[in-house]
Amino acid sequence: MITTQSIADIRAQVKAWKQKGETVAFVPTMGNLHLGHITLVKEAKTRADHVVTSIFVNPMQFGQNEDLDAYPRTLADDQAALIEAGAELLFTPTPEIIYPKGMDAQTFVEVPGISDVLCGASRPGHFRGVATIVCKLFNIVQPDIALFGQKDFQQLLVIRTMVDDLSLPIEIVGVETIREDSGLAMSSRNGYLSAEQKAQAAQIKRTLDKMACSLKTAQSIEAVIAQGQIELEDVGFRNDYLDVRNANNFAVANGEDTELVILVAAYMGSTRLIDNLVVKLA
Ligand code: AMP
């Protein structure tokens, strides 16, 4: 696997592959890779001739008081895992390479509407940072397909909308959430949790499952959310949001919807965790 910080190197390699008529899949990440990321890379291998990945802790998507500096950086381990998974090219730019004029002087991409609710409301500017970096990385790599985790459900929707709105010729593939045996969704931020907090955090999936059952038995959405909030608070979570939306258009759910998504963000200590569950009503 070639690791490079150079945009020109990435373009030259991808161009060489494409000239041979070969296809390219792309998996962008922020590093500190776990089985969730590796599953995306392995899935990418089954869908294209070559897999390109990136590791970039994107400062534009972090707020002032968030964990940008503390975010775990584990390049050597990540490289070993990516080689094992079959990636051939790894892009590891610095912020200066990506934002040479500085972030404030940089053109940005903003997907209206869905960028302002839930995670977007709690983290103003977050999805502008996500859309801008993903658009830039797409233009650098120029992949045929790109894979993203459904764990970041709202992010996936923002990216699908951006690709659609800007007519980008890239197929977006969502990959199911990979979980610990306890049900806790794998995340680089789980490393901030103590063993005890990690055990308590497994309550998120149990609550999502229980809420899904309650929604299927036609209980009111408001009552189901209220019960879920109590369960999470009982194990020590400070809830950011717990909401039920239409899984396809992200509108606030109503009694008519048949495909719902329960979305949660909650703090265990100072660590903010997110998760979601899609619920299909018969
Ligand atoms: P990140 O490094 O957190 O920016 O994540 C990079 C990609 O991996 C994104 O598309 C995430 O949605 C995806 N991802 C992160 N955690 C998981 C997980 N537990 N299961 C599946 N995909 C994941």
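Up top is the structure.
Residues numbered from 1 in each chain as written. Predicted model: local features only at pLDDT ≥ 70, side-chain atom pairs only at ≥ 80, totals over all residues. Heavy atoms only, no water.

Thoughts on the site of the ligand
Put simply, the rule is: Throughout this document, a residue counts as near a molecule or strand when at least one of its heavy atoms sits within 4 Å of that molecule or strand. With residues, only the protein chains shown are counted as cover, and all accessible areas are computed by Shrake-Rupley using a 1.4 Å probe. Starting at the N terminus, helices and strands are each numbered in turn, a helix being any DSSP run of H or I of at least four residues and a strand any DSSP run of E of at least two. Each residue is assigned to one class: nonpolar for Ala, Val, Leu, Ile, Met, Phe, Trp, Tyr, Cys and Pro, charged for Asp, Glu, Lys and Arg, and polar for all the others, Gly among them.
Residues in close proximity to the ligand total 17 residues, the closest being His 37, Gly 149, Asp 152, Ile 178 and Met 186. Summarising the interface, the protein chains cover 92% of the accessible area of the ligand, which totals 480 Å² for the free molecule. Listing elements by their share of the shell around the ligand, those giving two or more residues are β2 (24-29), α2 (35-47) and β5 (145-149). Counting residues per element, the shell around the ligand draws most heavily on α2, which supplies three residues. Residues belonging to the shell around the ligand are distributed by class as follows: seven nonpolar, seven polar and three charged.

Some details on helix α6 (residues 126-141)
We count it as follows: What a helix should span is 1.5 Å times the count of its residues minus one. For every residue, the accessible area obtained with a 1.4 Å probe (protein chains only) is divided by the maximum for its type, and the residue is called buried under 20%, exposed over 50%, and partly exposed between those limits.
In this model α6 runs 22 Å from its N-terminal to its C-terminal C-alpha over 16 residues, within 8% of the 22 Å that 1.5 Å per residue would give. Burial analysis of α6 places 13 of its 16 residues in the buried class, the great majority of the element. Looking at the residues trailing α6, positive phi occurs at Gln 142, about 50°.

Looking at the nonpolar core
Our working rule: Put simply, buried Ala, Val, Leu, Ile, Met, Phe, Trp, Tyr and Cys residues joined by side-chain atoms within 4.5 Å make one nonpolar core. Contacts were defined at the residue level, with two residues in contact if any of their heavy atoms lie within 4.5 Å.
Of all hydrophobic cores here, the largest spans 46 residues; its most connected members are Phe 138, Met 162 and Ile 172. Breaking this core down by element, the ones donating at least two residues are α1 (7-19), β2, β4 (89-91), α6, β5, α7 (153-165) and β8 (259-268). With ten residues, α6 is the single largest residue contributor to this core. When residues no more than four places from it in sequence are discounted, the contact partners of Ile 172 are Phe 138, Ala 146, Phe 148, Leu 156, Ile 159, Arg 160 and Val 163. Ranked by size, the runner-up nonpolar core spans 24 residues in total, among them Ile 204, Leu 208, Ala 266 and Met 268.

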